[in-house]
Amino acid sequence: MSQEPVEAAEKVTESKRWVIDVRPLREVAYRRMWLGSGISFFGFQFTSVAVPVEMYAITGSSAWVGLLGIAGLVPLLIFGLWGGAAADVIDRRKLLLASSMLAWISTLGLLVQGLLSVHSPVLLLVLTAVQSAGFAVSSPTRQAIIPRIVPASLVPSANTLNYTTTTAGGVLGPLAAGLIFGAFSTDNGVTIAYAVDAVLFTVSFWATYRLPPIPPIELEEGAPKPTAGVRGILIGLRFLVTQPVLLLSFGVDIVAMVFAMPRALFPEIAEERFGGGAAVGWLFAAIALGSVVGGLTSGWISRVKRQGVALVIAVAGWGVAIGFAGLAHSLWLAVLLLAVGGAADLVSAVYRQSILQVYAPDRLRGRLQGVFTVVVAGGPRLGDLRAGATADLTGPTASWAGGGFVAAGLALALAAAFPALLRYRPPSAEETKD
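Note that the coordinates shown come from a computational prediction; the quantities given were computed from them, not determined experimentally. (Residues numbered from 1 in each chain as written. Predicted model: local features only at pLDDT ≥ 70, side-chain atom pairs only at ≥ 80, totals over all residues. Heavy atoms only, no water.)

A. View of unusual backbone geometry. Notably, Ser117 is not glycine yet its phi reads approximately 50°, a positive angle. Considering the arrangement of structural elements, one finds Ser117 in the loop between α4 (92-115) and α5 (121-149). Take Ser117: its relative accessible area is 37%, and that puts it in the partly exposed class. At His119, a residue that is not glycine, the phi angle is positive and equals roughly 55°. Relative to the elements of secondary structure, His119 occurs in the loop between α4 and α5. (Helix = DSSP H or I, 4+ residues; strand = E, 2+ residues; numbered from the N terminus. Buried < 20%, exposed > 50% of the residue type's maximum accessible area, 1.4 Å probe, protein only.)

Structure follows, in structure tokens:
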């Protein structure tokens, strides 16, 4: 018998390992939510660029831009933990609708103040805080919905589709926003950006409204009933503090984001070093662009056995790439280095999420996803504050480049001081070794 058909089949199977799995899109509910989330996230990128650009135009200070990070962080800390706990006890469709409505109202507020040329930095901080509160609840809720609307075997593929779509939006959205600011004045540009976000956000409402009811799963008789109050949150936190590997994975991510996130400096650097205009869009898009490229070439990630070591290397690589990007005086070199950092960040994100999924039991998944949301979204906001504050003291170059190199050093020092993360291997790898 000829071996050609067998060899051809093997080549097809091998090639599919590099192609994204779209089978979850066969599920109607997931397809709607994926479409709504992708379009609304693309629209949100216009606002994420417009708010810091408007703040810098009003105040002329990167420190004020950095305060946007605090405005987003405080409600994130409060409502992120509560949102995760609530997702374990409330119909998730209703909770997602309510939290999305809150975020949409804040976007409309940004649009109105832009139309009226209010030029109030305090109002921008308030509206950013409201928007962050909505995100803090909707993010863990949306993640907790996925296992309920797709078969368990397709959950990893569904998450991959979501991440790929959002990172692609993180590239295209800022680039489109940059074109707007290159073609219009700042006042007109921010108004157009907010209007685009407000319109596209309605698609997310439609997708969520069309979801089926997703009430909490009934517990076995005698099992403790979860709550969305302080007790329920504390149960999740008590579990977390008993898992050193999980704590360290969160710790190195916080170091990476707090010290090496240069986002608050993009408006100032784009204006003073790269001539303004579309440059700010390229800077905001570069990290996500690297993540997309990293995701498309990520077949090797699942074959790594020393995941803890790989996580630390990825975080250190992120810091070094960001540090050199801060020293670049060519826009395209800065974009390239930021993209390298984005690829490293993709790797660290995959391993952090994988470690969390291994450690978190289903009954605590919403609460631990809430903690995860606080860490993942809160770290960059603290990074905005750190970058903006130090830029006013030391200058934007020292703030950007120095923060990146400090992050790389601290990540390596933390891993050396607490080697549990370096020793970590996924259970399957340990079983194979034994």
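B. A look at the nonpolar core. The biggest cluster of nonpolar side chains holds 76 residues, and the ones touching the most others in it are Tyr194, Leu283, Trp318, Leu338, Trp400 and Leu421. Considering each element in turn, this core owes the most residues, eleven residues, to helix α13 (residues 331-359). Not counting residues within four places of it along the chain, the set of residues in contact with Trp318 comprises Ala256, Met257, Ala260, Met261, Ile287, Gly341, Gly342, Ala344 and Asp345. Listed in part, the 13 residues of the second largest apolar core include Ala29, Tyr30, Ile145 and Leu161. (Core = buried A, V, L, I, M, F, W, Y, C linked by side-chain atoms within 4.5 Å. Contact = heavy atoms within 4.5 Å.)

C. Molecular detail of helix α3 (residues 62-86). In this model, α3 (25 residues) spans 36 Å end to end at C-alpha, consistent with the 36 Å of a helix rising 1.5 Å per residue. Most pronounced at Leu76, the bend in α3 amounts to some 35°. Capping the start of α3, Ser61 holds a side-chain oxygen 3.1 Å from the backbone nitrogen of Ala63, two or three residues further along. (Expected span 1.5 Å × (residues − 1). Bend = angle between axes of the 7 residues up to and from the residue. Polar contact = N/O pair within 3.5 Å; in protein donor to acceptor, adjacent residues only side chain to side chain.)

D. How the structure looks around the side chain of Arg386. Residue position: Arg386 is located in helix α14 (residues 365-394). Of the side chains with opposite charge, Asp384 lies nearest to the buried Arg386, which makes no salt bridge, at 8.4 Å. Residues in contact with Arg386, not counting those within four places in the same chain, are Val258, Phe259, Ala260, Met261, Ser399 and Gly403. (Lys, Arg positive; Asp, Glu negative; His and termini not counted. Salt bridge = Lys/Arg side-chain N within 4 Å of Asp/Glu carboxyl O.)

E. The arrangement of the packing of aromatic side chains in detail. All told, the structure shown has seven aromatic pairs when counted by the stated rule. Each ring, one from Trp104 and one from Phe205, has its centre 5.3 Å from the other, and the planes form 80°; the classification is edge-to-face. With a gap of 101 residues between them, Trp104 in helix α4 and Phe205 in helix α7 (residues 186-209) connect regions that are remote in the sequence. A relative accessible area of 22% places Trp104 in the partly exposed class. Both rings, one in Phe324 and one in Phe405, keep their centres 5.2 Å apart while their planes meet at 80°; by these two values the pair is edge-to-face. Of the two residues, Phe324 is situated in helix α12 (residues 307-327) and Phe405 in helix α15 (residues 396-417); the sequence distance between them amounts to 81 residues. By relative accessible area, which is 34% here, Phe405 ends up partly exposed. (Phe/Tyr/Trp six-rings, centres within 6.5 Å; stacked < 30°, edge-to-face > 60°.)

F. Local environment of the UniProt feature "transmembrane region" (unreviewed entry) in the chain. When the UniProt feature table is mapped to this numbering, "transmembrane region" (unreviewed entry) covers residues 33-51, 63-83, 95-116, 161-184, 245-266, 278-301, 308-325 and 400-422. Secondary structure content for residues 161-184 is 96% helix and 0% strand, and the end C-alpha separation is 34 Å. Helix makes up 77% of residues 245-266 and strand 0%. Its end C-alpha atoms lie 34 Å apart. (UniProt positions renumbered as here; feature names shortened; annotations may be inferred.)

G. Molecular detail of the pattern of salt bridges. Counted by the stated rule, this structure contains two salt bridges. Of the charged contacts, one joins Asp253 and Arg352 as a salt bridge, the two residues approaching to 3.3 Å between their closest N and O atoms. Of this pair, Asp253 sits in helix α9 (residues 244-260) while Arg352 sits in helix α13, and the two are 99 residues apart along the sequence. With a shortest N-O distance of 2.8 Å, Arg263 and Asp384 are connected by a salt bridge. Placement of Arg263 in the loop between α9 and α10 (266-272) and of Asp384 in helix α14 is noted, with a sequence separation of 121 residues between them. Owing to a relative accessible area of 28%, Arg263 belongs among the partly exposed residues under this scheme.

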